[in-house]
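Structure assessment
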Amino acid sequence: RRCSRAVLAVQERLMLSASALSFAVPSLRTSAAYAGSPSSVRFVSRTYTPFDPNEKAAYGMGAAEKFSYDPEHAYAYVATERGYISVIDYSAPVASVTSLGVSLGKGLTARDLRLCGESLYVVVGTIGERTEPGALLAFSRVTRAAPASLAQVWEVGVGPGPDSLLPSPDCKTVAVSNQGKGQCTGGVVCQLIDPEGSVSLVDVATRSSKTVSLGYVAGSSDSALQAEGVHIPLPLNAMVYFDDFSNKKMDMVNFAEARRKYTPATMLEPEALAWAPDGSKLFAALQINSAILTVDVATATAERLTPLGLQDWGASGGTQGLDTVRDNACQLKHVPEFSTLRSPSAIEAFEIDGETYLMTASGGSDLEYGEVETAKKFKKLLVDVPGGRPEFHPNFQELTAPGGGADFSKITTAVRNFGGTSMRLSIGSTAVDYSNPKEPVWKRAVGSGSRSVSIYRASDLSLVWDSGSLLEQEGCKAFPWAHNGEQDDDYALMYGVAYSHASAGGKKDIAEKNTLSPPALDGDACHDRGDGKPGPCPLGKTVDERSWKDGPGIQQGLAVGVACGRMVAVAVTRANSLAFGFDVTDPTQPAFLFVHHLSPASKDKSPGVAFKEQTLGDIGVESVSILDKHQSPSGAAAVMFAGAHSGSLSLYELLLTNGSRCALPAPPPPTSPPTETPPPPPAPPPPPPPLRPPP
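Residues numbered from 1 in each chain as written. Predicted model: local features only at pLDDT ≥ 70, side-chain atom pairs only at ≥ 80, totals over all residues. Heavy atoms only, no water.

**Topic: the nonpolar core**
Among the nonpolar cores identified, the biggest contains 68 residues, and F255, L293 and W442 are the most heavily contacted of them. Apart from residues lying up to four places away in sequence, F255 is in contact with C190, L192, L234, M239, F242, D243, Y369 and V372. Judged by nonpolar contacts, the second largest core, of 31 residues, contains L471, L539, L558 and F582. (Core = buried A, V, L, I, M, F, W, Y, C linked by side-chain atoms within 4.5 Å. Buried < 20%, exposed > 50% of the residue type's maximum accessible area, 1.4 Å probe, protein only. Contact = heavy atoms within 4.5 Å.)

Here it is as structure tokens:
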């Protein structure tokens, strides 16, 4: 045991030095792992970050979209969607906002940022644009000895609609995912512009970029991708249907130019990234396609595109069911003949005993092109006819049932499951066959997002574990008032900072959350927003709001790292701010550790009210980092969360079952003789029982 702890101590010291010099994939030898796992988290500090150079902070301004922490100099860098990078000083017990931040330029937004080596890398795009090329910027990092404002060193162009960046383990290459998300332009009639998705590999030494085209894995037609099981949200023939045959949409959209330039790669959208430990492979999560892309880095080629399949929510699907009923309660049940796309919104690599694994979190995202949405409310898709068989809604009257229009069995089941509700179902390639665009065939009921986290073996991308229904089960058990609830930027206060900066559409959405109905026709406000006045509902008044959508969906709020001598993962739901902890030291049988709510004040107070009182926690988390005791500003293993909507950066310490911290040993008294190594801490209790692996 002493030898094992010594090995782990060496691993931790190497990871500390690597954290400043590289972006090493977390690695652990199970022979050196501690016996116990962290079982909870404890709040340490929170800083509300500015969204512009004037050091303003406000709810709903995207003031903490992404962050990166420098353990060597104790500075955190926080990216805002308004194009400002703030620098937070963690050298003192109470973190503080410094004056060392930098504006990226008018009209630019920071999509992601990471520190690696001596540089801070920031990928930027144009605010409100997803089809224009972006750029990778390199800044010299702030040092403790001679702190100075961030200074840009170089810039390299990347592809259209950049989304995420990740440096290689040796910091020699920076990968950027170019989502190439389509946008509708023009007036009343939508004109779709949709570039191909791609990946940029930027050589730091030469400051040059190679583009990884997805054309090879996409092929020349949709049929090959569909046959493999890759989801295409809006196939070419679907555009033909909406343009030429849809009675409802043909005068509202115009996909002619998009059809002329269409390739299957235009419908592939890489987002979150993960590197193999040796830097030879890069993995990209394609949330909208429910797939993972593998890139061969040496040749800068897309090697393969692996579909992740569907999560079956029937009795034989290996889960305890899900909640699809808006009844202000948590009632999970199996839903026959209903599946959801796995939709990986986040991906993290880690290594156990020399084998690499990938952990993903499911989001559940759909596309919107003007009046065409790739997911529809059930009641706008199918209609129950009393005394007769179901019919397609007039908006989709051209759709037909399988079997030449004769087999209504799946449609009848779907109506029995979701009839008259706003449950959102896909109309992409997995759900609808557009081979004949004049009469598309509705195949099955498919939703977005598996409401779970999953682990895959990186070598063949085989699924080794999935959390199934656990997020809904454990989240509701601990925090029933937050079950499938939501708080986002639409819940900002009327005429506040976020409202004044919002677009016309954004102002309308905020007004709806601030308006009571009745008397207004459109209004979702509550009579008490938390201060006795009507306004946006507190989280505790929005139970089940997302049960018809993605449930406990996660958007990039996932981190994996070594802490407390174990491989630990933390995943955060974006809409209702639940942080779930797992011990993944055994990737085939992870143990559930804890669930913690990151904003308890939200139970009874709307976010704007709680923000004014400075009691608001982390809302809209899309960036998480696990810090071992050598990296943490508190000297104990911790987790940092950035709340995009709340504009907050928070530090929580991990606690063992006995309530102790995983901390650095206290320095010996001045009169004590020096010791070579500190005595090992007592072994904590054994870890919780493992979760059941997938069937």
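**A short note on the environment of V570**
Tracing the chain through its elements places V570 in strand 39 (residues 566-572). Residue class for V570 comes out buried when judged on its relative accessible area of 1%. When the C-alpha atoms of V570 and R111 are compared, they prove to be 22 Å apart, with 459 residues separating the residues in sequence. Among residues more than four places away in sequence, those in contact with V570 are G557, L558, A559, A579, F580, F594, V624, I626, V639 and F641. (Helix = DSSP H or I, 4+ residues; strand = E, 2+ residues; numbered from the N terminus.)

**Notes on helix 4 (residues 236-245)**
Since one α-helical turn is 3.6 residues long, residues separated by three or four positions face the same way. Where helix 4 is concerned, the buried positions are A238, M239, V240, Y241, F242 and D243. For helix 4, the secondary structure elements touched by its buried residues are strand 15 (190-193), strand 18 (253-254), helix 5 (256-260) and strand 28 (372-373).

**Quick notes on the pairing of strand 20 (residues 281-286)**
Remember that side chains alternate between the two faces of the sheet whenever the strand is regular. Buried residues dominate strand 20, accounting for five of its six residues. By the bridge criterion, three bridges tie strand 19 (residues 273-275) to strand 20 in an arrangement that is antiparallel. Note that in strand 20 the partner of L273 across the bridge is A284. What sits between the antiparallel neighbours strand 19 and strand 20 is a turn of five residues, in which G279 has the positive phi angle 75°. (Pairing = 2+ DSSP bridges.)

**Thoughts on helix 10 (residues 504-513)**
If you check which residues of helix 10 are buried, you get G506, I510, A511 and K513. All buried residues of helix 10 lie within an arc of 160° about the axis, which places them on one face of the element. The exposed set on the far side of helix 10, more than 90 degrees from its buried face, consists of A504 and K508. The elements touched by buried residues of helix 10 are helix 9 (497-501). (Arc of directions from axis to C-beta.)

**A closer look at the state of the cysteines**
One pass over the structure, following the stated rule, counts four disulfides. The disulfide partner of C330 is C476, and the gap between their sulfur atoms is 1.2 Å. Judged by the sign of its S-S torsion, about -75°, the bond between C330 and C476 is left-handed. Here C476 lies in helix 8 (residues 470-478) and C330 lies in the loop between strand 23 (310-312) and strand 24 (338-341), a separation of 146 residues in the sequence. Among the residues examined, C330 registers a relative accessible area of 29% and is labelled partly exposed. C476 gets classed as buried once you look at its relative accessible area, which sits at 9%. (Disulfide = S-S within 2.5 Å.)

**Section: the sheet that holds strand 24**
Here three strands make up an open sheet; going across it, the order is 23-24-35 and the pairing mixed. Whereas interior strands pair on both sides, the edge strands pair on one side only; in this sheet they are strand 23 and strand 35 (445-448). For this sheet, the mean angle separating the axes of adjacent strands, direction not counted, is 35°. Bridging between strand 23 and strand 24 involves three bridges; their strand directions are antiparallel. Opposite D312, over in strand 24, you have S339 as the bridge partner. (Axes fitted to C-alpha atoms, helices over the stretch in contact; angles between N-to-C directions.)

So, to be careful, I would describe these as geometric facts and stop short of saying anything about function.
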